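# Survey of secondary and tertiary structure
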Amino acid sequence: MADAGLQTARQLLAAVLEMEVADIADDAGIGGLTGWDSLAHMRLIMALEAHMGAPLSPGNVVAIGSLQDIATVLAGGELSVTGF
Amino acid sequence: MDWRPGEPLQLETDRFRLRSLTPADATITYVSWWNDPEVQAGLNFPARGWDRQRAIRHISQFNNQTGFHLGIFCKDTDRMIGFFAAFPDPQSKVAKTNIVIGEKDYWGKNVVQEVRARMLSFLFEVMGMEKVKGEIQGRNYPSIFNYKAMGFTCEGVLRSDIPRFDGGRTDVFIFGLLRDEWEALKAPAHD
């Protein structure tokens, strides 16, 4: 189940960044992917909200910074706002 | 650095020149940013309906001491593409900052991080600030990204804190960077 969630997150991120799914590593995050810039980040949040059919929580909006974070949000989790 | 409080400020990065704006910089382009719904939405404002005189009044309120309003100019063309505002408080030693990239062909071109990095050096090293912070009003995702990417900490989310310019309410995100955090972040560049 966790792997399926990570794969969905990978597909979503790949679509936003216009990259191949296979090129996105498990530890991908801001700063590690050249295409993940400010506009891509906006597209990512909007794609996530479209996928989930609801606005993200304020905490998740500000905390998303990695592939793992995206998978957590897709699974309905709440990320830690501080400490990144 | 050859600059005294109250004097116009000029700074440079690899691609850009930052300098204190004067009334002569209230060009049609500058005024248009204040009247552009897409640009203003990032500040949680509707188009302002400003004319040149209103823009001149805005520019004239900055004293280059506790308030800076710096135009961002491309070094190769001298084209103004946005501005950076900073408000260093000498008592608390905390500076608030804000940045607007008005020319949309420069969105997503890493202007914010390049310019803010230079301003951080000025605010910490020259102005003696202990902290620099920014408040994001509304869900300005590119701005959130830039603060995160530069090592700022999200110190809090004020949920549903202010009215949205187009109805409803919106959150306010507070980002901050302390002097020692900034020194740690810049350290690798000097190895």
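Please read all numbers here as calculations on a predicted model, not as lab measurements. (Residues numbered from 1 in each chain as written. Chains lettered and ligands numbered in written order. Predicted model: local features only at pLDDT ≥ 70, side-chain atom pairs only at ≥ 80, totals over all residues. Heavy atoms only, no water.)

## Digging into the overall build of chain B
- The number of helices and strands found in chain B is 6 helices and 8 strands.
- Taken from N to C terminus, the helices and strands of chain B fall in the order β-β-α-α-α-β-β-β-α-β-α-β-β-α.
- For chain B, whose C-alpha radius of gyration is 16 Å, the value lies close to the compact-globule estimate of 16 Å for 191 residues.
- Seen through its principal axes, chain B has C-alpha atoms that stretch 45 × 40 × 35 Å.
- Looking at the 191 residues of chain B, the share that counts as buried comes to 48%.
- Pairs at least 24 residues apart make up 62% of the contacts formed inside chain B by residues separated by at least 6 positions.
- For chain B, the exposed area adds up to about 9300 Å²; of that, 48% sits on carbon and sulfur atoms.
- When the 25 positive and 25 negative side-chain charges of chain B are each reduced to one mean point, those points stand 4 Å apart. (Helix = DSSP H or I, 4+ residues; strand = E, 2+ residues; numbered from the N terminus. Rg over C-alpha atoms; globule rule 2.2 N^0.38 Å. Buried < 20%, exposed > 50% of the residue type's maximum accessible area, 1.4 Å probe, protein only. Contact = heavy atoms within 4.5 Å. Areas by Shrake-Rupley, 256 points an atom, 1.4 Å probe, with all protein chains shown as cover. Lys, Arg positive; Asp, Glu negative; His and termini not counted. Charge placed at Lys NZ, Arg CZ, Asp CG, Glu CD.)

## Section: the interface of chain A and chain B
- Listed by partner, the interface residues are 23 residues for chain A and 19 residues for chain B.
- For the pair chain A and chain B, the summed buried area comes to about 1600 Å², and 74% of that belongs to carbon and sulfur atoms.
- The interface formed by chain A and chain B holds 1 salt bridge in total.
- With a shortest N-O distance of 3.3 Å, Glu49 of chain A and Arg139 of chain B are connected by a salt bridge.
- With 7 residues, helix H2 (residues 38-52) of chain A is the single largest residue contributor to the side of chain A that touches chain B.
- Among the residues making up the side of chain A that touches chain B, the classes are represented as 15 nonpolar, 6 polar and 2 charged. (Buried area = accessible area lost by both parts, 1.4 Å probe. Salt bridge = Lys/Arg side-chain N within 4 Å of Asp/Glu carboxyl O. Nonpolar A, V, L, I, M, F, W, Y, C, P; charged D, E, K, R; others polar.)

## A short note on the packing of aromatic side chains
All names here are of chain B.
- Applying the stated criterion across every chain yields a total of 14 aromatic pairs over all chains.
- The interplanar angle of 15 degrees and the centroid separation of 5.3 Å between the aromatic rings of Trp34 and Phe83 together place this pair among those described as stacked. Placement of Trp34 in helix H1 (residues 28-34) and of Phe83 in strand S4 (residues 80-89) is noted, with a sequence separation of 49 residues between them.
- Looking at Trp34, the relative accessible area reads 4%, which means it is buried.
- According to the relative accessible area criterion, Phe83 is buried, its value standing at 6%.
- Aromatic side chains Tyr147 and Phe152 sit 4.9 Å apart centroid to centroid with 70 degrees between the ring planes, which places their arrangement in the edge-to-face category.
- Residue classification places Tyr147 among the buried positions, given a relative accessible area of 3%.
- In this structure an aromatic cluster arises from ring pairing among Tyr30, Trp33, Trp34, Trp50 and Phe83. (Phe/Tyr/Trp six-rings, centres within 6.5 Å; stacked < 30°, edge-to-face > 60°.)

## Regarding the sheet that holds strand S6 (residues 131-137) of chain B
Residues and elements named next belong to chain B.
- If you trace the 8 strands from one edge of the open sheet to the other, you get S1-S2-S3-S4-S5-S6-S8-S7, paired in mixed fashion. Of all strands in the sheet, those with a lone pairing partner are strand S1 (10-12) and strand S7 (153-163), marking the two edges. The average angle at which neighbouring strand axes cross in this sheet is 25 degrees, direction not considered.
- Two strands pair when backbone bridges link them, and S6 and strand S8 (residues 169-178) are joined in this way by 7 bridges, in the antiparallel orientation. Bridge pairing links Lys133 to Gly176 in S8. (Pairing = 2+ DSSP bridges. Axes fitted to C-alpha atoms, helices over the stretch in contact; angles between N-to-C directions.)

## Section: unusual backbone geometry
Residue and element names in this part refer to chain B.
- With a phi angle near 55 degrees, Asn64 is a residue other than glycine that sits in the positive phi range.
- Here Asn64 shows up in the loop between helix H3 (52-60) and strand S3 (68-74).
- Although it is not a glycine, Asp78 adopts a positive phi angle of roughly 65 degrees.

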